[in-house]
Amino acid sequence: MDEALRKLRESRVFGVVLVATSALLFSIMSLVVQLTGPRIPSFEQVFSRCLIQGSLAGALLWRSGQSPFAFPPAKLRWMVARGFFGFSSMSCLFFALTRLTLADANVIFFSSAISTAIAGRLVLGERFGLFESVAALCTIVGVVLVSQPTWVFGEQTKDAHDSSGRAAGILVSVLGALLSSGAYIAIRKVGKDIDANVLVFYFALVGVTLSPVGVLVQGAVMPSGLREWSCLLAVGLLGFVAQSAFNRGVQLEDAGRANLIRMVDILFAFAWQVFLMRQPVGLWSGLGALVIAISVFAVGLKKYRSAGVSAAPVAADEGSRALLDASTEENDELLPLDGCADRNELP
């Protein structure tokens, strides 16, 4: 019996289950952020997640006898850059979740896979051909359909969110997608010899250091009651467990296939929005989400088929979550990232 369980835990089927579970947990975390958002500012939730995630990552490093500071000094700037871009993109996602519907915020953020491919071409010289260019154009069209700007659709395209708050949410969500590309570049520069928990630790360290500035700007709110304290705890725990599940899953399953499986995150977001929050999905938002999902899936599938290489485990935060579908050079390792991206978390 024990041998059968051990073989199951080492099987590719179990890897698929773990990756799908991580997508489910990440989507639940986004749901919790949105439900808590009306009263608890987004930066407080970012601080909570970083504090819990950093503590757990530090504990795992200590347990394994590793130091988060034992790496070549030349890599320090890239470690800090990874932390900064990961923290910034996750902060954008959390803010967007307080201004947009759950599905809209997540689907726009997932478009970062395309911006990451562009950044990879500009900074790292990775392949970005006609196929990727068409996918990028389609993704832009999808974002326009989801955002429904008045200069295209007129004033009649309103939903439950006020227009100014929705516009801010869309702009910040797009900014988060762009910033997550920086986290991808930083992780590529760091290389594959740094432990995943070290990258997660630096992501959390930067977040705990910088998020109080955002808390001061937004205004600190003391959580009241068991529900709000539980939600803040859940944000950190869900993010860390989801990241750990993805890391282990990508060890057992091909990284390219794992990245494609992670896209069920979008399906979960739509399900929570429709069935739990009772918020209908508009025609244009649904069509835009479909265009973005197909574009990102197509690019990920093309890279998976051309690479044919399994990847090393990476951590995933909000800032890197969407980077899980990012492209890498042909015949090079795919680097799914934490939020976030949470070797990271894309957040």
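Conventions adopted
Residues numbered from 1 in each chain as written. Predicted model: local features only at pLDDT ≥ 70, side-chain atom pairs only at ≥ 80, totals over all residues. Heavy atoms only, no water. Phe/Tyr/Trp six-rings, centres within 6.5 Å; stacked < 30°, edge-to-face > 60°. Helix = DSSP H or I, 4+ residues; strand = E, 2+ residues; numbered from the N terminus. Buried < 20%, exposed > 50% of the residue type's maximum accessible area, 1.4 Å probe, protein only. Axes fitted to C-alpha atoms, helices over the stretch in contact; angles between N-to-C directions. Parallel < 35°, antiparallel > 145°, perpendicular 65-115°, else oblique. Left-handed = near helix turned anticlockwise from the far one by under 90°. Contact = heavy atoms within 4.5 Å. Nonpolar A, V, L, I, M, F, W, Y, C, P; charged D, E, K, R; others polar. Core = buried A, V, L, I, M, F, W, Y, C linked by side-chain atoms within 4.5 Å. Patch = residues over 30% accessible without salt bridge, like charges linked within 9 Å, V, L, I, M, F, W, Y side chains within 5 Å. Areas by Shrake-Rupley, 256 points an atom, 1.4 Å probe, with all protein chains shown as cover. Salt bridge = Lys/Arg side-chain N within 4 Å of Asp/Glu carboxyl O. Expected span 1.5 Å × (residues − 1). Arc of directions from axis to C-beta.

Attention now moves to the packing of aromatic side chains. On inspection of all chains with the given rule, the structure shows 7 aromatic pairs. Between the aromatic rings of Phe71 and Tyr202, the centroid separation amounts to 5.6 Å while the plane-to-plane angle is 75°, which identifies the pairing as edge-to-face. Of this pair, Phe71 sits in the loop between helix 3 (42-63) and helix 4 (76-97) while Tyr202 is found in helix 10 (residues 196-218), placing the two residues 131 residues apart along the sequence. Residues Phe71 and Tyr202 agree in their burial class; the two are buried. Seen from their ring centres, Phe201 and Tyr202 are 6.0 Å apart, and the 80° between their planes marks the pair as edge-to-face. The residues Phe201 and Tyr202 share a single accessibility class, namely buried. In this structure an aromatic cluster arises from ring pairing among Phe69, Phe71, Phe201 and Tyr202.

Across the interface, helix 4 lies against helix 5 (residues 102-110) with an axial gap of 9 Å and an inter-helix angle of 155°. Our classification of the angle between helix 4 and helix 5 gives roughly antiparallel. In this structure, helix 4 meets helix 5 at a crossing whose hand is right-handed. Taken together, the residues of helix 5 that come into contact with helix 4 (itself represented by Ser89, Leu93, Ala96 and Leu97) are Leu102, Ala105, Asn106 and Phe109. A class-by-class count of the residues in the contact of helix 4 with helix 5 yields 6 nonpolar, 2 polar and no charged.

One broad rule of soluble globular proteins: the nonpolar side chains tend to lie buried together. Among the nonpolar cores identified, the biggest contains 46 residues, and Phe94, Val107 and Ile266 are the most heavily contacted of them. The element contributing the most residues to this core is helix 5, with 7 residues. Counting residues in hydrophobic clusters, the runner-up holds 12 residues, among them Ala57, Phe71, Ile194 and Phe240.

All right, on to a nonpolar patch on the surface then. A cluster of nonpolar side chains, Leu283, Trp284, Leu287, Leu290 and Ile294, forms an exposed patch at the surface whose accessible area comes to about 510 Å². Locating Ile294 in the fold gives a position in helix 14 (residues 283-307).

Note that side chains of opposite charge can pair when their charged atoms are close. Applying the stated rule across the entire model yields 3 salt bridges. A salt bridge links Arg166 to Asp104, with the shortest nitrogen-to-oxygen separation between them at 3.2 Å. Placement of the pair is Arg166 in helix 9 (residues 163-190) and Asp104 in helix 5, with a sequence separation of 62 residues. Neither residue differs from the other here; Arg166 and Asp104 are each classed as buried.

The next subject is the packing of helix 4 against helix 10. One can describe the packing of helix 4 onto helix 10 by two numbers: an axis separation of 8 Å at closest approach and a directional angle of 50°. With respect to their mutual orientation, helix 4 and helix 10 come out oblique. In the crossing of helix 4 with helix 10, the sense of the turn from one axis to the other is right-handed. Contact with helix 4, carried on its side by Leu76, Met79, Val80, Arg82, Gly83, Phe84, Gly86, Phe87, Met90 and Phe95, involves Val198, Leu199, Tyr202, Phe203, Val206, Gly207, Leu210, Ser211 and Gln218 of helix 10 and no other residues of that element. Of the residues belonging to the contact of helix 4 with helix 10, the class tally is 13 nonpolar, 5 polar and 1 charged.

Unlike most non-glycine residues, Arg278 shows phi in positive territory, near 55°. Position of Arg278 among the secondary structure elements: in the loop between helix 13 (264-276) and helix 14. Owing to a relative accessible area of 66%, Arg278 belongs among the exposed residues under this scheme.

Here we come to helix 13. Over its 13 residues, helix 13 extends 17 Å from the first C-alpha to the last, a length consistent with the 18 Å expected when each residue adds 1.5 Å. Within helix 13, the full set of buried residues consists of Asp265, Ile266, Ala269, Phe270, Trp272 and Gln273. Buried residues along helix 13 cover an arc of 160° about the axis, so they all sit on one side. In this structure, helix 13 carries Leu267, Phe275 and Leu276 as exposed residues pointing more than 90 degrees from its buried face. Directly after helix 13, the chain includes Arg278, whose backbone phi takes a positive value near 55°.

Below, the discussion takes up the environment of Ser211. Relative to the helices and strands, Ser211 resides in helix 10. Assessed through its relative accessible area of 0%, Ser211 is described here as buried. Distance from Ser211 to Phe43, taken between C-alpha atoms, is 5.8 Å for residues 168 residues apart in sequence. Setting aside chain neighbours within four positions, we find Ser211 in contact with Phe43, Val46, Phe47 and Phe87.

Quick look at the environment of Cys92 now. Mapped onto the elements, Cys92 comes out in helix 4. On the basis of relative accessible area, Cys92 is assigned to the buried category, the value being 8%. For Cys92, the residues in contact, after removing those within four places along its chain, are Val172, Leu175, Gly176 and Leu179.

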